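Coordinates in review
As a plain string of letters, each chain reads:
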Amino acid sequence: QVQLVESGGGLVQPGGSLRLSCAASGFTFSSYAMSWYRQAPGKERELVAFISGGGYTNYADSVKGRFTISRDNARNMVYLQMNSLKPEDTAVYYCKCSLRWGQGTQVTVSS
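Now for a description of the structure that goes with this document. (Residues numbered from 1 in each chain as written. Predicted model: local features only at pLDDT ≥ 70, side-chain atom pairs only at ≥ 80, totals over all residues. Heavy atoms only, no water.)

Overview of the packing of aromatic side chains
The line we're drawing: Between 30 and 60 degrees the pair is tilted, below 30 it is stacked and above 60 it is edge-to-face, where a pair is any two Phe, Tyr or Trp rings, Trp via its six-membered ring, whose centres lie within 6.5 Å. In this scheme, a residue with accessible area under 20% of its type's maximum is buried, one over 50% is exposed, and one in between is partly exposed, where area comes from a 1.4 Å probe on protein chains only. Counted as over-ring charges are cases with an Arg CZ or a Lys NZ within 6 Å of the ring centre that also lie within 35 degrees of the ring normal.
Under the defined criterion, the tally for this structure stands at five aromatic pairs. With 6.2 Å between their ring centres and 55° between their planes, F27 and F29 make a pair best called tilted. Overall, the relative accessible area of 13% leaves F27 in the buried class. Feature note: the residues F27, F29 and Y32 constitute an aromatic cluster, connected by ring pairs. Across from the ring centre of W101, 4.5 Å away, lies the NZ or CZ of R45, which sits over that ring.

Here you go:
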C-alpha cells in the first residue's frame, strides 16, 4: 500500500525556517520523482519543488533561493527546507509522487 506521510509544519514568524519531511512506503522510492505542492486558501494547488530519482531538482520561481528539496533514498524520505519564510508561503503543503498524494501539513507564516 502506497503511503506518503508529511510532518514538520507549524506556525513560524516571517523570516523564519521550517523543514518538512515526507515518509514514503509501499513502493520503490528511488525509482520515483517526488514533489512538494502547496495550496493556500482560495487558491489552486501549485508545484513548489521537484526532485527526480537521481536528484535533479526544479523550483517554482516564488521559492527559488529560499527552499531546498532533497531526498534520502536509503530512508525513503523527501524533505523541503524552507528558509526566509514569508506570509505568502502560508498554505497546506503536500508531498506527491505519481502514485499518490500525502495528506498535507499546514504551514502558517505570521507574526
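Side note on the environment of G10
Convention followed: By definition, any uninterrupted DSSP run of H or I lasting at least four residues is a helix, any uninterrupted run of E lasting at least two residues is a strand, and each is numbered from the N terminus. Only heavy atoms matter for contacts: two residues are in contact if any of them lie within 4.5 Å across the pair.
With respect to the helices and strands, the residue G10 is situated in strand β2 (residues 10–12). We classify G10 as partly exposed; its relative accessible area is 25%. Considered as a pair, G10 and K86 are 76 residues apart in the sequence and their alpha carbons are 14 Å apart. Excluding residues that lie within four positions of it along the chain, G10 makes contacts with L18, Q106, V107 and T108.

As for the pattern of salt bridges
Quick note on the threshold: When a carboxyl oxygen of Asp or Glu lies within 4 Å of a side-chain nitrogen of Lys or Arg, that pair is called a salt bridge.
Within this structure, the stated rule accounts for five salt bridges. Note that D61 is salt-bridged to K64, the shortest N-O span being 3.2 Å. Note on D61: relative accessible area 65%, which makes it exposed. The partner of D72 in a salt bridge is R75, with the nearest N and O atoms 3.8 Å apart. A relative accessible area of 23% means that D72 is categorised as partly exposed.

A look at the pairing of strand β11 (residues 105–109)
We count it as follows: Strands pair, by our definition, only if DSSP identifies at least two bridges between them.
Burial along β11 is one-sided: the residues T105, V107 and V109 are buried and none of Q106 and T108 is. Pairing geometry for β2 and β11, over three bridges, is parallel. When the bridges of β11 are listed, G10 appears paired with V107. Sheet topology places strand β9 (residues 91–97) next to β11; three bridges connect them, and they run antiparallel.

Remarks on the environment of P41
By secondary structure assignment, the location of P41 is in the loop between β4 (34–39) and β5 (46–51). P41 gets classed as exposed once you look at its relative accessible area, which sits at 73%. Considered as a pair, P41 and V92 are 51 residues apart in the sequence and their alpha carbons are 8.6 Å apart.

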